[in-house]
Amino acid sequence: MIRNIIAGVVVAWACAGVASADVTVAPAGAFSASGKLAMKKGAIPVSCHTTFNGQVSEQGAIRVTEVIFGGMNPLCKSIKALALPWQGQVDHPGRLTVDDMQVKVRVPLLGGVCGPGAVSLVWGNTDGSATFDAVTLGPDCAMDGTMVTSPQVDIRHADQPTRSSEKVRQSGVTQSTI
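Residues numbered from 1 in each chain as written. Predicted model: local features only at pLDDT ≥ 70, side-chain atom pairs only at ≥ 80, totals over all residues. Heavy atoms only, no water.

Novice: How would you summarise empty space enclosed by the protein if you had to cite specific residues and measurements?
Specialist: Under the definition given, this model contains 2 cavities of 30 Å³ or more. Approximately 220 Å³ is the volume found for the largest cavity. Around the largest cavity, the lining comprises 19 residues; the ones closest to its centre are Phe31, Ile62, Leu96, Trp123 and Ala130. Tallied by class, residues from the lining of the largest cavity come to 18 nonpolar, 1 polar and no charged. The volume enclosed by the second largest cavity comes to roughly 90 Å³. If you tally residues by element for the lining of the second largest cavity, the top one is strand β2 (residues 29–41), at 3 residues. Its residues assigned to classes, the lining of the second largest cavity shows 8 nonpolar, 2 polar and 2 charged. (1 Å grid on protein atoms, 1.4 Å probe; cavity = no way out; pocket = protein on both sides within 12 Å on 5 of 7 lines; lining within 4 Å. Points joined across faces, edges and corners; volume = space filled by probe spheres on them. Nonpolar A, V, L, I, M, F, W, Y, C, P; charged D, E, K, R; others polar. Helix = DSSP H or I, 4+ residues; strand = E, 2+ residues; numbered from the N terminus.)

Novice: Please give an account of the nonpolar core that cites residues and values.
Specialist: Ranked by size, the top nonpolar core spans 37 residues in total, and within it Met39, Phe52, Trp86, Met101 and Phe132 carry the most contacts. When sequence neighbours within four positions are dropped, the list of residues in contact with Met101 reads Phe52, Trp86, Cys114, Gly115, Pro116, Gly117, Val119, Phe132, Leu137 and Met143. (Core = buried A, V, L, I, M, F, W, Y, C linked by side-chain atoms within 4.5 Å. Buried < 20%, exposed > 50% of the residue type's maximum accessible area, 1.4 Å probe, protein only. Contact = heavy atoms within 4.5 Å.)

Novice: I'd like a description of the state of the cysteines, backed by residues and values.
Specialist: Enumeration over the complete set of coordinates arrives at 2 disulfides. There is a disulfide in this structure between Cys48 and Cys76, and the S-S distance comes to 2.0 Å. Looking along the S-S bond of the Cys48-Cys76 disulfide, the torsion reads about -100°, which is the left-handed sense. Residue Cys48 is located in strand β3 (residues 44–56), and its partner Cys76 is located in the loop between β4 (61–70) and β5 (79–81); the two are separated by 28 residues in the primary sequence. (Disulfide = S-S within 2.5 Å.)

Novice: Just give me the short version of the side chain of Ser129, but keep the residues and values in it.
Specialist: Looking at the secondary structure, you find Ser129 in strand β9 (residues 129–137). There is a polar contact of 2.7 Å between the side chain of Ser129 and the side chain of Asp127. Not counting chain neighbours up to four residues away, the residues in contact with Ser129 comprise Val122, Trp123, Gly124, Thr146, Met147 and Val148. (Polar contact = N/O pair within 3.5 Å; in protein donor to acceptor, adjacent residues only side chain to side chain.)

Novice: How would you sum up the environment of Gly70? Please name residues and give values.
Specialist: Note that Gly70 resides in strand β4. Relative accessible area serves as the criterion here: at 18%, Gly70 is assigned to the buried category. Placed 19 residues apart in sequence, Gly70 and Thr51 show a C-alpha to C-alpha distance of 8.4 Å. Excluding residues that lie within four positions of it along the chain, Gly70 makes contacts with Cys48, His49 and Cys76.

Novice: Before we move on, could you go through the environment of Glu66 and cite the residues and values that matter?
Specialist: For Glu66, the location among the structural elements is in strand β4. For the pair Glu66 and Leu82, spaced 16 residues apart in the sequence, the C-alpha separation amounts to 9.7 Å. Sequence-distant contacts of Glu66, defined by excluding residues within four places in its chain, comprise Thr51, Phe52, Asn53 and Leu84.

Below, the structure written as C-alpha cells:
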C-alpha cells in the first residue's frame, strides 16, 4: 500500500515536471536549424556548417530526425549523428534540452563516439536561435555555436501571446492565426 502511494506521488511529480514547461511554440511542425558549430573531440577542434532538421510540437516536444555536418573543412565529413531521431523538449522559454545526443567522429586514432547524453541549449527568441554554449558531451567532446531556425520559431510561456497572435491583434482582427 505504501509502495503504491509512493509510486503515485513519484508519477504525479514526474508528470508535473514535464507539464511545468507550460510553453507555446509557434509555428509547430517541421523546422530546420542551421549555423556554424565548433566541435572539439579530445584535442582536435573542427568548425562546421551544421543543420538540424526535425519537428517541434506546439507544447514543446522536439524530435531531431537529421543532422548534416558540412563546410569547407574536410574533417566535417568525418562527423556523423548516431541514434537518430533524438528526442527533446523545451524546458522553459529560455532553454531547451535534446536527450540522447550522440555523434561519431571518424578520424584515425583520435576519433570515437561522443555521447549519448542530454545537451542543454540556450534559446533566443529574438532571432529564433538555439545556442550551444560550451556544451560538453562525454567522454571528451565540446560544442559551441548558434543555430538559427527556419521558419523562425517563437517560444513563449503558454499565457503569453506569440508573435503571430500579436500581429493579428495589432491589425484589429480578434481571431488568432495559430
